[in-house]
Amino acid sequence: MTDHSVIIVGGGQAGLSASYCLKQRGIDHLVLEKHRIGHEWREHRWDAFCLVTPNWQCQLPGFPYSGPDPHGFMQKDEIVRYLEDYARSFAPPIREGVTVTALRRAPEGGFTVTSTAGEMHADEVVIAVGGYHIPSFPRLSERLPESLVQIHSSEYRSPASLPEGDVLVIGTGQSGCQIAEDLHLAGRRVHLCVGSAPRTARRYRGRDVVDWLEDMGYYRLAVEDHPLQERVRAKANHYVTGRDGGRDIDLRQRAREGMRLYGRLIGMTAGQLELAGDLKHNLDQADAVAESIKTSIDKHITERGISAPPEARYRPVWEPETVTSRVDLAHTPISSVIWCTGFRTDYRWIELPVFDGRGYPVHRRGVTAVDGLYFLGLPWLHTWGSGRFSGVAADATYLAERIERRLGSALLPPMAVLNELALGS
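Here the focus is helix α7 (residues 279–304). Given a rise of 1.5 Å per residue, 26 residues ought to cover 38 Å, and the 38 Å separating the end C-alpha atoms of α7 matches this to within 8%. Note on α7: the residue one or two positions beyond its end, G305, has a positive phi of about 65 degrees.

Put into structure tokens, the structure is as follows:
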């Protein structure tokens, strides 16, 4: 059995960030990656995928974006190269193609990590596998006709990868809206079930909205300081796109161009889709969120005396004239369905008492109640930026500093440990 001070499970941006911070401190560690670096971006994103946040927000520790287009939006292949270049820049001790199958407490202390490469021992373990593990399909999918091709958003690649005919897209989070646009721009007839996800404008008063929000400290706002506190972790992200240099996703405009918009899909009876009558409400609420962000920016500009060009507020370009409660599949040429309904977590391999009733890891800034076990890279781990390229560095640094103190304390004589505890270190 091999022995390491720290084992990091997951070699994506979070795992690599943790590795960089530990290597900077001279801490022995090993990164175990199930596939290869960049796998999630390479294999689970569609061909035209690009970041929705500007390139300058790519701030992995020791490797800030240095390309020629800081206010642009990296496409899928560029994101993979960014991660590969990051790994080459500091040569992390990583083993690719290794799946961790179990994590448990070791009788002698620390942890036993069981993997396809054998058993290993670690004093500390960082779980950096994110929270998007199993594509989520509602049970309603079982009731749709077998003739329909049904895929999850993580399986979608391009309009050409689907059979001819109309496409039903269910869900309007970031993936749902961007996939619907990808199909629409390719000339496919799209039927989109609109949910309650909020949206934001791409630019306002001369700058990208992300630039304004960064200046206002939104990405550094901690969970415990957010009005929703723990509940914020369940909120959907705002939909917007970095495509074509970055722009709004205006579903109302797409409706004017022929995209069919409906309320939420709530049932299936006798070959007919049953739809909620909440389309107008959902569109109005998404617009209201976008406008509230603009109001916050206006206030920031006024309070700081910033010179910024004025800009007219958004005016809806389309309103649903009727409420569509049913769609008869027999009379609608829908040939495929894309479920943009998120993911479920799968931490069954972690045999330790660190989860709540929903299976979510209980932690405070990634630190769990099990000494020596940490999580990194989760959305809203500590701040809005935690699950992004922009904020993972701060969390990785925080955990690396804590691990360094713990490992250092383990080497101190008993009295020194007591003195450190008394000082609150």
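Our next topic: the sheet that holds strand β12 (residues 190–193). Spatially, β10-β19-β11-β12-β15 is the arrangement adopted by the five strands of the open sheet, whose pairing is parallel. In this open sheet, the two strands that pair with only one neighbour each are β10 (149–152) and β15 (260–262). Here the average twist between neighbouring strands, direction ignored, is 20 degrees. As defined by bridge partners, strand β11 (residues 166–170) adjoins strand β19 (residues 334–339) across five bridges and the pair is classed as parallel.

A separate point is the layout of surface pockets. In this approach a probe as big as a water molecule rolls over the atoms, and the regions it shows empty are the leftover space. Here the second largest pocket defines a volume of roughly 440 Å³. Taken together, 17 residues make up the lining of the second largest pocket; nearest its centre are Y218, H226, K235, H238 and W384. The biggest single contributor to the lining of the second largest pocket is α7, with four residues. Along the lines of polarity and charge, the residues of the lining of the second largest pocket split into eleven nonpolar, five polar and one charged.

Now for the side chain of E124. Here E124 is to be found in strand β8 (residues 118–127). E124 gets classed as buried once you look at its relative accessible area, which sits at 3%. Sequence-distant contacts of E124, that is, excluding residues within four places in its chain, are made with S5, V6, I7, F111, G372, Y374, I403, R406 and L407.

Criteria and cut-off values
Residues numbered from 1 in each chain as written. Predicted model: local features only at pLDDT ≥ 70, side-chain atom pairs only at ≥ 80, totals over all residues. Heavy atoms only, no water. Helix = DSSP H or I, 4+ residues; strand = E, 2+ residues; numbered from the N terminus. Expected span 1.5 Å × (residues − 1). Pairing = 2+ DSSP bridges. Axes fitted to C-alpha atoms, helices over the stretch in contact; angles between N-to-C directions. 1 Å grid on protein atoms, 1.4 Å probe; cavity = no way out; pocket = protein on both sides within 12 Å on 5 of 7 lines; lining within 4 Å. Points joined across faces, edges and corners; volume = space filled by probe spheres on them. Nonpolar A, V, L, I, M, F, W, Y, C, P; charged D, E, K, R; others polar. Buried < 20%, exposed > 50% of the residue type's maximum accessible area, 1.4 Å probe, protein only. Contact = heavy atoms within 4.5 Å.

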